[in-house]
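Examining the three-dimensional arrangement
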Amino acid sequence: MKRFIAAFAVLALTAGTAFAQTKIKYALGDVISIDELPLLVAAERAKKRGVEVEVTSFKNEEIATQAVINGQADIGQGTPYAALEKVTVPIRFFVQLSSLQFFPVVANEHYKTWKDLDGQEIAVQGRGTGTEAIMILMAKQHGIKYKSISYVPGSNVRALALIKGTIRASILDATNKNFLMKEAPGKFTILPLGQVKASDESLFARVEYLQKNQAAVTVLVEELIRVNREINKNPASILAERKKLGLLKDLPAKLEEEIAPYFKEAAASGIFPNDGGGETAAKNDLEFYALSGAIKKENPKVEDFWHLAALKAALAKLK
């Protein structure tokens, strides 16, 4: 889920390498932001190995997912289990980038507990996203029903809307939760979630594409895992890589200050898997998204939603 805006919609990470052999068209359902830094670093490294990664930012995750379904993009990012379950073309997840770390937030003036949200309006990132799944699951667990669910892309956008009072209940990522509490101390309450284990961001593609381009996909997966491991070992490493590679140059100085705290908290929370998630992540997802209602199929199996060949190949090379 997205945290800060960069001043471009399409990022060609791969301009003009003489030895490039493969181009991957990558669909992102939001603007490029600081939580995409691991992806940007991995893409730059993959480029040096002959795999171009062209990231295109779409207006929202639904449009980005549709681009993969329609063949306009090769790889998508997100957790659109509900959408992928409905399509006839076989599409599968193949690596987990990060697990869920979100914070349901309510304005104290109006609500204080989950029960207070019965019959009330809430706002989430988008249809079929992890934020929606969490809020739906919490409603089921607490025996409540929302009046409506609004889709407001951008965690930072929802945080500002909470401060302005145009939204009274929503769900934010760690960075914008901290921003909210700093900007409006004492005005908001974070509702308890308990233990929620599922993917926040995973990569998915058509099975045909994964099979025909496994070598290139494996290179990208290798580099994504390598970056995650570096961050988990030393969160500050992402700052050095950003400077070295010249990434997100237009990021305002105030937002640069948020990079280090975000990755430090994320690493401490263990949201970046050292092994690409694999079967464990897949099983956690099936349980969570089935409970939340995103997955309708009875007794879903890992192979119904995941294709792990590229991940297994990458891990074999990284050991």
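Report on the accompanying structure. Going along each chain's sequence as written, the residues are numbered from 1 onward. For a predicted model such as this one, the threshold for reporting local features is a pLDDT of at least 70, and the threshold for listing and counting side-chain atom pairs is 80 or more; totals across whole chains, interfaces and linings nevertheless cover every residue. Think of the side-chain values as coming from all heavy atoms in the structure, minus any hydrogens and water.

As for the overall build of the protein
Here a helix means four or more residues in a row that DSSP labels H or I, a strand means two or more in a row labelled E, and each is numbered from the N terminus. A count of helices and strands for the protein gives 14 helices and eleven strands. Along the three orthogonal principal directions, the C-alpha set of the protein runs to about 60 × 50 × 35 Å. Under the scheme applied here, a residue whose accessible area is under 20% of the maximum for its type counts as buried, over 50% as exposed, and between as partly exposed, the area being computed with a 1.4 Å probe on protein chains only. Here the protein, with 319 residues, has 56% of them falling under the buried criterion. Residues are treated as being in contact if the distance between any of their heavy atoms lies within 4.5 Å. The long-range fraction of contacts in the protein, counting pairs at least 24 apart against all pairs at least 6 apart in sequence, stands at 82%. Across the protein, the mean location of the 42 positive side-chain charges is 1 Å away from that of the 36 negative side-chain charges. His is not counted, nor are the chain ends; Lys and Arg add positive charge and Asp and Glu add negative charge. For the purpose of locating charges, the reference atoms are NZ of Lys, CZ of Arg, CG of Asp and CD of Glu.

Some remarks on the environment of Gly154
Assignment of secondary structure puts Gly154 in the loop between strand S8 (148-151) and helix H5 (155-164). Among the residues examined, Gly154 registers a relative accessible area of 3% and is labelled buried. Between the C-alpha atom of Gly154 and that of Thr88, which follows or precedes it by 66 residues, the distance is 30 Å.

Quick word on the pairing of strand S5 (residues 91-99)
With nine of its nine residues buried, S5 lies for the most part within the structure. By the bridge criterion, seven bridges tie S5 to strand S11 (residues 199-206) in an arrangement that is antiparallel. Within S11, the residue paired with Phe93 across the bridge is Phe204. Between any two strands, pairing holds if DSSP finds at least two bridges.

Details of the pattern of salt bridges
Criterion for a salt bridge: a side-chain nitrogen of Lys or Arg within 4 Å of a carboxyl oxygen of Asp or Glu. Counted according to the given criterion, the structure contains 14 salt bridges. Measuring nitrogen to oxygen at the nearest pair gives 3.8 Å for the salt bridge that ties Glu62 to Arg127. Of this pair, Glu62 sits in helix H2 (residues 61-69) while Arg127 sits in the loop between strand S7 (121-124) and helix H4 (130-142), and the two are 65 residues apart along the sequence. With relative accessibility at 41%, the residue Glu62 sits in the partly exposed group. Of the charged contacts in the structure, one is a salt bridge between Arg226 and Glu223, with a shortest N-O distance of 3.1 Å. Within this pair, Arg226 and its partner Glu223 are both found in helix H8 (residues 214-233), separated by three residues, close to a single helical turn. Owing to a relative accessible area of 5%, Glu223 belongs among the buried residues under this scheme. Residues participating in the shared-partner salt-bridge network are Arg49, Glu222, Glu223, Arg226 and Lys317.

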